[in-house]
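Structural characterization, general
Here is how the chains run, residue by residue.
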Amino acid sequence: MRSGVSEALEAMLEAMGEPRASRLRVAPGVREAVSRALEEAASLGGAAPEPLDFARHLGEHLAKAEDPPLALERLHARDLALALACTQGLPGADARFEVEVLQRMRVPLSRIHPSPAFADEVLQTLRANLLMPRADAPPRLRGYAGVGLLAQWVNMVGVRLALRLRKAQGDASRVEAEVLAAHPAPGGLELSFIREDARAHVRAAFVKAVASLDDEDRELLRLHYVERLSLEKMGALYDLHKSTLSRRLGGVQETLEKRTRRLLSERLALRDAELESLVRTIHGGLDLSLSGLLGGRG
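In what follows, the accompanying structure is described. (Residues numbered from 1 in each chain as written. Predicted model: local features only at pLDDT ≥ 70, side-chain atom pairs only at ≥ 80, totals over all residues. Heavy atoms only, no water.)

This brings us to the nonpolar core. With 55 residues, the main nonpolar core has Met-12, Phe-97 and Val-154 as its most contacted residues. Among the elements that line this core, the one with the most residues is helix H6 (residues 77–88), at eight residues. Contacts of Met-12, omitting those with residues within four sequence positions, involve Leu-24, Val-30, Val-34, Ala-55, Leu-58, Gly-59 and Leu-62. In this structure, Ala-205, Leu-220, Leu-221 and Leu-256 belong to the second largest nonpolar core, which totals 19 residues. (Core = buried A, V, L, I, M, F, W, Y, C linked by side-chain atoms within 4.5 Å. Buried < 20%, exposed > 50% of the residue type's maximum accessible area, 1.4 Å probe, protein only. Helix = DSSP H or I, 4+ residues; strand = E, 2+ residues; numbered from the N terminus. Contact = heavy atoms within 4.5 Å.)

What follows is the structure in structure tokens.
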């Protein structure tokens, strides 16, 4: 295995090119990290790519990483190997990808549209988009770099695709807003204790406020509050520190608070004092529920 690791290490460094390779060459623990990556890739058995192919593929992605040693340390090597094996058409790779990744998407897809036929359509399109070679580029799945779990990476692609397909039946941003409103954070938006005549207005204002966010901010909310990803996992996914994500989510919380208050005021024609009274009634349930969850997670 020692000679195999040495050959793989050199293949990886060669694929990285200079000066990126020189930085990784002198980093501590690189040989051990490569050895672990090879072992994880080999755990795919007959579906595993050739070690040198995998090493070169890894090197190509590490060459693009902001911090190659850290990227190698945090690598999801088995997932990276599976993605490569699928794009190479290795026997058994597609079947593993289907069971371990694609079929698990049915739950989040059902939140966008309850029809199994809709999920079938999304998954079929997703297979083609990710696995089929393109005229001017390799299959999109080859772009997965091992940062974050493969299932999460594919889920992000799949949800975007589903929202585009659903757009033919309605406003995609509103669909996603309804999804978020239907899956509030723990201790979050609980409308049962709000007086009956205001309940529908609060929900409508909240949904509209979420829908007014840009796609990227809604995606962050969905990952954190619907998919229940921790700040650490989201940080690995986006290659950001959890404190950066926490600040950004806090900013989205503040935006939602301001927009929901404004929309409530417009809907109910409330005076400032009356609006503050209603907001206090739902304290911890709308805007402040987000900050409460942020403070308790990550």
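Here we come to the side chain of Ser-230. Tracing the backbone shows Ser-230 in the loop between helix H13 (215–226) and helix H14 (231–238). The class of Ser-230 is buried, set by a relative accessible area of 18%. Engagement of the side chain of Ser-230 in a polar contact is seen with the backbone nitrogen of Lys-233, the distance being 3.2 Å. (Polar contact = N/O pair within 3.5 Å; in protein donor to acceptor, adjacent residues only side chain to side chain.)

Right, let's talk about the pattern of salt bridges for a bit. Tallying each qualifying case throughout the model produces 10 salt bridges. The residue Arg-78 makes a salt bridge to Glu-100 at a minimum N-O spacing of 3.0 Å. Within this pair, whereas Arg-78 is found in helix H6, its partner Glu-100 is found in helix H7 (residues 93–102), the two being separated by 22 residues in sequence. The class of Glu-100 is partly exposed, set by a relative accessible area of 21%. Between Arg-96 and Glu-100 there is a salt bridge, with its nearest N and O atoms 3.6 Å apart. Here Glu-100 and Arg-96 lie together in helix H7, a separation of four residues that amounts to about one turn. When salt bridges with common partners are traced through the structure, they connect Glu-10, Glu-18 and Arg-25 into a single cluster. (Salt bridge = Lys/Arg side-chain N within 4 Å of Asp/Glu carboxyl O.)

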